[in-house]
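# Structural features, examined
Listed below, chain by chain, are the residues.
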Amino acid sequence: MTTQIALWLDNGKFTIGPKDIEHPGPGEVLIRNVAAGLNPIDWKIRDHGFFMVKEYPAVIGEEGAGVVEEIGVGVTNLIKGDKVFYQSFMTNRCTTFQQFSIIPADLAGKVPDVITLEQAASISIGIAPAALAFYGQRPQGFEYLPPWEDGGKDKYSRQPIIIMGGASSLGQYAIQLARLSGFSPIIATASPHNTDLLTSLGATHIIDRKLPIATFQEEVRKITSTPVELAFDTVSYPETQQALYDVLAPEGKMVVSTPPVVATKADDKKTILFVNGTFFLPENKKFGSRFMSALTRMIAEGEIKTPAIEVIPNGLNGVALGLERLKNNAVSGKKLVVRPWET
Ligand SMILES: NC(=O)c1ccc[n+]([C@@H]2O[C@H](COP(=O)([O-])OP(=O)(O)OC[C@H]3O[C@@H](n4cnc5c(N)ncnc54)[C@H](OP(=O)(O)O)[C@@H]3O)[C@@H](O)[C@H]2O)c1
């Protein structure tokens, strides 16, 4: 077989069409994609473009899971037939809204037996931002000692953390990493129907995200009087960013998932980090590679749970519909995935 089916994006429109299957280069593997995850960035790229997408027509899709089909020269950590999950980079050979992708072998995680490939396809983009921002090296991250390294587990007990958007994909993983690091209390904003879910992941207090944002500081103060040194706004709307910034300790650190739009004060010493949650940047590669093998173990041992998933029918034909649901904020607490081979 030399061609596959891909979902092509051009001028804001998706079409299904053929695409050549390439061979992996040195250090790379060819993956037969069993499942691909949908992300908000996909509809943003469709509607507005994105600086990292350089070639059009483009194949997008940021995360996937599948089976290793072919090994490039020098690959030692994977063999043909391994089940892997991975983040992609914005090139047409690597992205996941297609049946085959080529990725660097050292950034693939092995799928543990406790999850399906559909669940595995929904992990990489959600967990990378919190992992990099909390534990990555400066300036990519705040250099907290990771819970998967010696001495890191429970290291930050009695330190509060706030996760804005706890039910988002990024939020569910940020809560779990915060729990493994020992942060307490773990305060998350979410719709009340997600309280049990987020509590099961490690959140200790949920603030109803629909309360007037002006009451946010007061709600946090009801929970803790300890200064909040670390916070993550996973949804990063202007009003959530500002509310989080205002509640931070004088030298607190805050992560945002979209560019910061905070009104800062000239004399304050708070740090805002706009995380770029890709392991493909040269400065993130080493961290990404170590993290992916730690992540396989943490999932296998039940330390990290993957969000609920919904498989959208009709393979790549279902992507556009799924993205409309994400754009309309009509997906709560779960990930949408497609199976490219059902197209
Ligand atoms: N910088 C990076 O590297 C990076 C990487 C991935 C994603 N992102 C960005 O991060 C954002 C989140 O992505 P995602 O995939 O995690 O999204 P997602 O899973 O689709 O987020 C949906 C969730 O957002 C929650 N939500 C919406 N508005 C909220 C608000 N005002 N306050 C609190 N929660 C709210 C909803 O919670 P309830 O159901 O509880 O209402 C819903 O469950 C997106 O803007 C995405 O583009 C950035």
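About the thresholds
Residues numbered from 1 in each chain as written. Predicted model: local features only at pLDDT ≥ 70, side-chain atom pairs only at ≥ 80, totals over all residues. Heavy atoms only, no water. Domains from an automatic or database assignment. Contact = heavy atoms within 4.5 Å. Buried area = accessible area lost by both parts, 1.4 Å probe. Salt bridge = Lys/Arg side-chain N within 4 Å of Asp/Glu carboxyl O. Polar contact = N/O pair within 3.5 Å; in protein donor to acceptor, adjacent residues only side chain to side chain. Nonpolar A, V, L, I, M, F, W, Y, C, P; charged D, E, K, R; others polar. Buried < 20%, exposed > 50% of the residue type's maximum accessible area, 1.4 Å probe, protein only. Helix = DSSP H or I, 4+ residues; strand = E, 2+ residues; numbered from the N terminus. Pairing = 2+ DSSP bridges. Phe/Tyr/Trp six-rings, centres within 6.5 Å; stacked < 30°, edge-to-face > 60°. Lys NZ or Arg CZ within 6 Å of the ring centre and 35° of its normal. Near = heavy atom within 4 Å. Areas by Shrake-Rupley, 256 points an atom, 1.4 Å probe, with all protein chains shown as cover. Axes fitted to C-alpha atoms, helices over the stretch in contact; angles between N-to-C directions. Arc of directions from axis to C-beta. Parallel < 35°, antiparallel > 145°, perpendicular 65-115°, else oblique. Left-handed = near helix turned anticlockwise from the far one by under 90°.

All right, on to the domain arrangement of the protein then. The domain architecture assigned to the protein consists of domain 1 (3-123 + 306-342) and domain 2 (126-274). A straight line from the C-alpha centre of domain 1 to that of domain 2 covers 28 Å. Across the boundary between the two partners, domain 1 contributes 12 residues, which contact 12 residues of domain 2. Buried surface at the junction of domain 1 and domain 2, both sides included, amounts to about 750 Å², of which 39% is carbon and sulfur. Of all residues in domain 1, Ile123, Pro307 and Gly333 give up the largest surface area on contact with domain 2, accounting jointly for 49% of the area buried on that side. Summed over the shared surface of domain 1 and domain 2, the result is zero salt bridges. Counting the contacts that link domain 1 with domain 2 gives six residue pairs in polar contact (both at pLDDT 80 or more). For the side of domain 1 that touches domain 2, a count of residues per class yields two nonpolar, six polar and four charged.

Turning to the pairing of strand β7 (residues 100-104), a few remarks are in order. The element β7 is largely enclosed, with a buried count of five among its five residues. In β7, alternate side chains face the same way, and those of Phe100, Ile102 and Pro104 on one face and Ser101 and Ile103 on the other are all buried. Where strand β3 (residues 28-37) and β7 come together, five bridges link them in antiparallel fashion. Along β7, the bridge assignment pairs Glu28 with Pro104.

Scanning the model with the defined rule gives 14 aromatic pairs in all. Pairing Phe287 with Phe291 gives two aromatic rings, centres 6.0 Å apart and planes at 10 degrees, and the pair type is stacked. On the criterion of helical spacing, the pair formed by Phe287 and Phe291 is a turn pair, its members being four residues apart in helix α8 (residues 282-300). An aromatic cluster is built from Phe134, Tyr135, Trp148, Phe232, Phe279, Phe287 and Phe291, whose rings are joined through pairwise contacts. Over the ring of Trp341 we find Arg32; its NZ or CZ atom is 3.9 Å from the centre of that ring.

Moving on, we get to the site of the ligand. Around the ligand there are 28 residues in total, and Ser191, Arg209, Val275, Gly277 and Ser332 lie nearest to it. Contact distances for the ligand include 2.8 Å between an oxygen atom and a backbone N or O atom of Ser169. Within the side chain of Ser332, a nitrogen or oxygen atom sits 2.5 Å from an oxygen atom of the ligand. If the ligand stood free it would expose 950 Å²; the protein chains cover 88% of that surface. Residue assignment for the shell around the ligand shows that the elements contributing at least two residues are α1 (40-48), α3 (124-135), α4 (169-181) and β10 (186-190). Looking at the shell around the ligand residue by residue, the class counts come to 12 nonpolar, 14 polar and two charged. For the shell around the ligand, the two domains that each supply at least three residues are domain 1 (3-123 + 306-342) and domain 2 (126-274).

This part covers the sheet that holds β10. Spatially, β11-β10-β9-β12-β13-β14 is the arrangement adopted by the six strands of the open sheet, whose pairing is parallel. Pairing within the sheet leaves two strands with one partner each, and these edge strands are β11 (205-208) and β14 (271-274). Within this sheet the neighbouring strands show an average axis-to-axis angle of 15 degrees, counted without direction. Pairing of strand β9 (residues 161-164) with strand β12 (residues 228-233), which is carried by four bridges, proceeds in the parallel orientation. Along β12, the bridge assignment pairs Ile163 with Phe232. Relative to β11, helix α6 (residues 216-223) is tilted by about 160 degrees, and along the sheet it contacts β9, β10, β11 and β12.

On to helix α9 (residues 319-327), then. Residues Val319, Gly322, Leu323 and Leu326 constitute the buried set of α9. Down the axis of α9, the buried side of the element spans an arc of 100 degrees, and every buried residue falls inside it. Of the surrounding elements, those touching the buried residues of α9 are β1 (3-10), β2 (13-20), α1, β15 (308-312) and β16 (334-338). Two residues or fewer past α9, Asn329 is found with a positive phi of approximately 55 degrees.

What follows is about the packing of α3 against α4. It is the contact of α3 with α4, at a shortest axis distance of 7 Å, that shows an interaxial angle of 45 degrees. Taken as axis vectors, α3 and α4 run oblique relative to one another. In the crossing of α3 with α4, the sense of the turn from one axis to the other is right-handed. Contacts from Ile125, Gly126, Ile127, Pro129, Ala130, Ala131, Phe134 and Tyr135 of α3 reach α4 at Ser169, Leu170, Tyr173, Ala174, Leu177, Ala178 and Ser181. Among the residues forming the contact of α3 with α4, the class breakdown is 12 nonpolar, three polar and no charged.

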